[in-house]
Amino acid sequence: MPNKVHISATINGEETEFLCEPRQSLLEVLRETLGLMGAKEGCNNGNCGACNVILDGVLVNSCLVLGVEIQGKSVTTIEGIASPHGLHALQQKFIEHAALQCGFCTPGFIVASKALLDNNPDPSEQEVRTWLAGNLCRCTGYDRIVKAVLDAADS
Amino acid sequence: MQSFDYIAPKNVDEVVSLLASQNGNARVLSGGTDLIVQLREGRRTAGFVVDVKNITDLKQIINDENGLRIGAAVSCHAICADPIVQTRYPGLVDGIHLIGGVQIQSRASVGGNLCNASPAADSIPALIVHNAICHITGQGGERTLPVEEFCIAPGKNALQAGELLKFISVPAPQKNFGASYLRFIPRNEMDIAVVGAGSSVILDDDKKHFVSARIALGAVAPTPLLASDAGAFLSGKAITLANIKEAARMAQAIAKPITDLRGTAEHRKHLVAVLVERTLVKAIERAGGKYAE
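Fair warning: this is a prediction, and the values are worked out from it, not measured in the lab. Position numbers for residues count from 1 along each chain, tracking the sequence in the order it is written. The lettering of chains begins at A and the numbering of ligands begins at 1, in the order of writing. The predicted origin of the model limits local features to residues at a pLDDT of at least 70 and limits the giving and counting of side-chain atom pairs to 80 or more, whereas totals for whole chains, interfaces and linings rest on all residues.

> An account of the overall build of chain B is needed here, citing residue identities and associated values.
The helix and strand labels rest on DSSP assignments: H or I over at least four residues marks a helix, E over at least two residues marks a strand, and numbering proceeds from the N terminus. Scanning chain B from terminus to terminus reveals 11 helices and 14 strands. The globule rule used for comparison is 2.2 Å times the number of residues to the exponent 0.38, while the radius of gyration itself is calculated over C-alpha atoms. For 293 residues, the compact-globule formula gives about 19 Å, and the C-alpha radius of gyration of chain B, at 19 Å, lands near that figure. C-alpha extents for chain B along the principal axes are approximately 60 × 45 × 35 Å. Three exposure classes are used. Buried residues have 20 or more other C-beta atoms within 10 Å of their own C-beta, exposed residues have 12 or fewer, and partly exposed residues fall in between, all C-beta atoms being placed from the backbone. The buried share of chain B, reckoned over its 293 residues, is 53%.

In structure tokens, the structure reads:
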């Protein structure tokens, strides 16, 4: 059994240290070691986007990143999106537009949408749909999600 | 997931000696979008995972008068966002930007898409029609291999134990060159090609005749295919729809597709002709020409 590796990284703005086995995904580390349960395990193979996090400014599937790969890097999860003063505009607009039903995919969609708006503050509907192609939702039919993201961009 | 050791070397020599010492037990990790899934599902095994993302040489895109050099660990996003690549090699971007959604694009590398050797890999027909070359290094020295010879079976490439793909080189486009890649999928994004086809052409200065052409196919055989006869047929021929259709028919003849959950063999055969015709027309347009009816 390979030894656990000591990793230092910035998680949602806080310096964080943890031990992990090389075989553990970042998703496993977040949920099982750090107790951050927002990122979800859907497909565990890069198709559904439920585990999305932002790694050094780049949107990734945390199921396809090894925990050991984030040494010295910065990770934003759904838990780091809201400010202490209130919800992020995306979160507020997802509520207003009822852009969720079961909610399992929602953290992934909000993190992905945050990465989109960070890169492109005024996306077209087509740009939103293309950007969110790597996120699956089986409840909403996507329309309300797309409207929520466009509305958040406007606000 | 199975246990393994992880190491992230700083240079290529270190990787090469590690791969040699592990005698086939080490796997190279770049974006991990294939490897991590395969290790998790037990489709590949590894005692050692060697992360090559921190090696500057393997992360470089070099554009000069000789052409384009893509380090093996360069992400799909980095290539597609490069303004020189967009302008000079739009046919490459056609294939590479189709690999996964945003999350996959930012992690997956073109070198990895090639090494994974999927018959349906979108980058490979596009690389083949650009005459791309694999540059391989190992303890025995360096060697090169045309991309069309790199995949030898589904999931299996021509690298020997201890060898590493260092970079892919693409020659500078000649005068009157154009290329294009298209795939068929039943949805708009995030799917695996039912069929993929790439074409490139060089036209004469009058834009009346083909000087040469290359056609490559994906997802219709155990490996991506170069349709040599179909390409050779067009050399010296007039740029007419009849000749384009004949080349598409010849490409169709070498396709040996299977029926699986993505499509039937019959449908795939049909798609080969459609996609080859469309990519030839697009390649001709990008070369500054137009076919005669």
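Once the structure has been displayed, the description carries forward.
> Outline the domain arrangement of chain B, listing residues and values.
Residues and elements named next belong to chain B. Note that the domain bounds reflect an automated or database-derived domain assignment. Annotation of chain B at the domain level lists domain 1 (5-51), domain 2 (56-171) and domain 3 (177-286). Here the C-alpha centre of domain 3 lies 20 Å away from the C-alpha centre of domain 2. Residue pairs qualify as contacts under a 7 Å threshold applied to their C-beta atoms, which are placed from the backbone. Each side of the interface is counted separately: domain 2 has 22 residues, and domain 3 has 26 residues. Of all the elements in the fold, those that place two or more residues in the side of domain 2 that touches domain 3 are helix H5 (90-96), helix H8 (123-129) and strand S8 (151-153). Counting residues per element, the side of domain 2 that touches domain 3 draws most heavily on H8, at 5 residues.

> Pulling in residues and values, what's your account of the sheet that holds strand S4 (residues 58-61) of chain A?
Residue and element names in this part refer to chain A. We treat two strands as partners when DSSP finds at least two bridges between them. Strands sit in the order S2-S1-S5-S3-S4 across an open sheet of 5 strands; the sheet is mixed. Edge positions in the sheet fall to strand S2 (14-20) and S4, since each of these pairs with one other strand and no more. Along the sheet, successive strands turn relative to each other by an average axial angle of 40°, direction set aside. The pairing of strand S1 (residues 5-11) with strand S5 (residues 74-76) spans 2 bridges and is parallel. Interaxial angle, 0 to 180 degrees, is taken between N-to-C directions of lines fitted to C-alpha atoms, where a helix line uses only the stretch in contact.

> Could you give an account of helix H11 (residues 265-286) of chain B, with specific residues and numbers?
Residues and elements named next belong to chain B. The span you would expect from a helix comes to 1.5 Å times its residue count less one. An ideal rise of 1.5 Å per residue puts 32 Å on 22 residues; H11 measures up with 31 Å between its terminal C-alpha atoms. For H11, the secondary structure elements touched by its buried residues are H5, strand S11 (177-184), strand S12 (195-203), strand S13 (210-218) and helix H10 (241-254). Remark: Gly288 follows H11 within two positions and exhibits a positive phi of approximately 90°.

> Go over the pairing of S2(A) with me, naming the residues and quoting the values.
Residue and element names in this part refer to chain A. Examined bridge by bridge, S1 and S2 share 7 bridges and lie antiparallel to one another. Note on S2: the bridge partner recorded for Thr10 is Glu15. From the end of S1 to the start of S2, which pair antiparallel, there are 2 residues, and Asn12 there has a positive phi angle of about 50°.

> Can you lay out the domain arrangement of chain A for me, pointing to particular residues and giving the numbers?
Residues and elements named next belong to chain A. When cut into domains, chain A gives domain 1 (5-79) and domain 2 (89-154). Just the C-alpha atoms count here: the centres of domain 1 and domain 2 sit 21 Å apart. Between domain 1 and domain 2, the contact holds 13 residues from the first and 12 residues from the second. In this classification, Asp, Glu, Lys and Arg are treated as charged, Ala, Val, Leu, Ile, Met, Phe, Trp, Tyr, Cys and Pro as nonpolar, and every other residue, Gly included, as polar. Here the residues of the side of domain 1 that touches domain 2 sort into 8 nonpolar, 4 polar and 1 charged.

> Tell me about the environment of Ser228(B), residues and numbers included.
Structurally, the position occupied by Ser228(B) is in helix H9 (residues 228-234). Spatially, the C-alpha atom of Ser228(B) lies 7.1 Å from that of Ile215(B), the residues being 13 residues apart in sequence.

> Please give an account of the packing of H10(B) against H11(B) that cites residues and values.
Residues and elements named next belong to chain B. Contact geometry of H10 with H11 gives a least axis separation of 8 Å together with a crossing angle of 140°. Relative to H11, the element H10 lies oblique. Handedness of the H10/H11 crossing: right-handed. Residues Ile244, Lys245, Ala247, Ala248, Arg249, Ala251 and Gln252 of H10 form the contact with H11, whose own contacting residues are Lys269, Val272, Ala273, Val276, Glu277, Leu280 and Val281. The residue makeup of the contact of H10 with H11, split by class, is 9 nonpolar, 1 polar and 4 charged. Roughly parallel means an angle under 35 degrees; roughly antiparallel, over 145; roughly perpendicular, 65 to 115; everything else is oblique. Working rule for handedness: look at the near helix, and if it is turned counterclockwise from the far one by less than a right angle, call the crossing left-handed; if clockwise, right-handed.

> Lay out the nonpolar core with the relevant residues and their values.
By convention the nonpolar core is taken to be a set of buried residues drawn from Ala, Val, Leu, Ile, Met, Phe, Trp, Tyr and Cys and joined through C-beta atoms within 7 Å. With 145 residues, the main nonpolar core has Ile168(B), Val195(B), Ala247(B), Ala251(B), Val272(B) and Val276(B) as its most contacted residues. Considering every element that reaches this core, the biggest residue donor is H11(B), with 8 residues.

> An account of the interface of chain B and chain A is requested, with residue identities and associated values reported.
On the chain A side, the residues contacting the 22 residues of chain B number 23 residues. Counting residues per element, the ones that place at least two in the side of chain B that touches chain A are strand S1 (5-7), helix H2 (35-40), strand S3 (48-51) and helix H6 (102-107) of chain B. Among the elements that make up the side of chain B that touches chain A, the one with the highest residue count is H6(B) (5 residues). Here the residues of the side of chain B that touches chain A sort into 9 nonpolar, 8 polar and 5 charged.

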